[in-house]
Amino acid sequence: MIELLWRALKLLARLGTSRVGPFALVEAKKIPASLRQQPLFLPPEKAIRASNTDVAFADKMDIYPGLGYVAMRDVLITSNRRITGVIEGDNFFVPQSVDSGPWKIRPGEPTVGGILRQDNFRLLVNVGEVSKRIPEGILVGTLSPHNWFHWTIDTLPSVYLTRYLPKEFDRFPLLIPEQAIIRSNWLEPLRLVHGNRDIVPLTDREYVKVAELVWMDSPTSPGPLPIVRKAAPHFRVHGSAMREYRGHILEQLGLPEIMKNPSRRIFLARKGGSNREYNQMELLEIAQEHGVEPVFLEEMTFRESVEIFTEAKLIIGPHGAGWANALYANRSSRALMWTWPESLKDNWFVNVAQISQIKMKTIFTDEGQENPYHLEPKKFRQELESLLEQS
């Protein structure tokens, strides 16, 4: 069925028609720089693209675009947890900040965002009946709204930047994935940046038509990634914008940007019953021998979780969303994080560490093991003691 639709739409496209019922054949491309409104909020700058290894990535031409917004009319959007994209006519636009394509927009099953098939830049999308219409709104990103890291690092900084929009957009509401705004603890940091704008929830079950859309640039570029991956780490950020966002959050929470004498040693622990269990107790026992205390961020308010990071001299933990709060750590702090070998180029957390200027080391679990989070105790002890000697 999908293959027949694909062939039929490719033929019809030659005749000037790219839609059959709810199905559309569209072409993925970066949002044109010519559509971005001037002046920009923040100018282009050398991107932060940190590495999980001791070999730093150096490319003088890796420039993060300046940050601003695009004003669009009569476009289709949905809450796509994989990427943020906008359909306008026969185009599927992705953010200006992504690396060169073609991009992996359809990751496979289950189908996300109605994207049924992909061939390089071409996409077959089921947009549905599009019965819902929104007169106006501001798109700030839809990536993984259920994930704390992507919510606070990849979405809320774009919300923060809406303060720079011209007055004519003051009445425009924020278009936020409903998965985020149904979580009470997700709302706490949102209130610090949303400027009292109204909020309209976006569902992942349908496309909606927006008559007047403001699409905010993001200070982070979480994808989509190119189909053919480069040797460089995957992700990059606009450092000045993220440092400004960091300062705003700390100011709103009444916390200092620089703690004079951070002293706590913390282990980012998980409660039992987590779907990502590993030999945590075994590692925690070793850590506690060195004065490291477990902290459970999911039990804290946002302010409490940020405050702990400002007080921490040493931060330890496995790959996970809690590392988002490393954004608020002191520049004198040190961190040890472990992940699996396949995540070598997934530099989410080291990017954040570079923004806050903490010294972070990434180590890797053994290849081929059943539980990717499992870290050999001997290796953990050696790495921890080495880090403590440097403190």
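Refer to the structure presented above.
These lines cover the structure that appears in this document, whether it is placed above or below. (Residues numbered from 1 in each chain as written. Predicted model: local features only at pLDDT ≥ 70, side-chain atom pairs only at ≥ 80, totals over all residues. Heavy atoms only, no water.)

## Quick look at the packing of helix α2 (residues 148-161) against helix α4 (residues 184-191)
And then number 1: In contact at an axis separation of 10 Å, α2 and α4 are set at 30° when each is read in the N-to-C sense. Regarding the angle of α2 to α4, the classification is roughly parallel. Classified by chirality, the crossing of α4 by α2 is right-handed. Here α2 contributes W148, W151, T152, L156 and V159 to the contact with α4, which in turn contributes N185, W186, P189 and L190. (Axes fitted to C-alpha atoms, helices over the stretch in contact; angles between N-to-C directions. Helix = DSSP H or I, 4+ residues; strand = E, 2+ residues; numbered from the N terminus. Parallel < 35°, antiparallel > 145°, perpendicular 65-115°, else oblique. Left-handed = near helix turned anticlockwise from the far one by under 90°. Contact = heavy atoms within 4.5 Å.)

## Structural notes on empty space enclosed by the protein
And then number 1: Overall, the coordinates contain five cavities of 30 Å³ or more when judged by the stated rule.
And then number 2: Taken together, 29 residues form the lining of the largest cavity, with T84, P95, M216, S218 and T220 sitting closest to its centre.
And then number 3: Of all the secondary structure elements, the ones that give two or more residues to the lining of the largest cavity are α2, β13 (208-216) and β14 (220-221).
And then number 4: By residue number, the principal contributor to the lining of the largest cavity is α2, which donates three residues.
And then number 5: Taken together, the residues of the lining of the largest cavity break down into 13 nonpolar, twelve polar and four charged.
And then number 6: Approximately 80 Å³ is the volume found for the second largest cavity.
And then number 7: F149, I153, D154, T220, S221, P222, F235, R236, V237, W348, N351 and V352 are the residues that line the second largest cavity.
And then number 8: The residue inventory of the lining of the second largest cavity, partitioned by class, reads seven nonpolar, three polar and two charged. (1 Å grid on protein atoms, 1.4 Å probe; cavity = no way out; pocket = protein on both sides within 12 Å on 5 of 7 lines; lining within 4 Å. Points joined across faces, edges and corners; volume = space filled by probe spheres on them. Nonpolar A, V, L, I, M, F, W, Y, C, P; charged D, E, K, R; others polar.)

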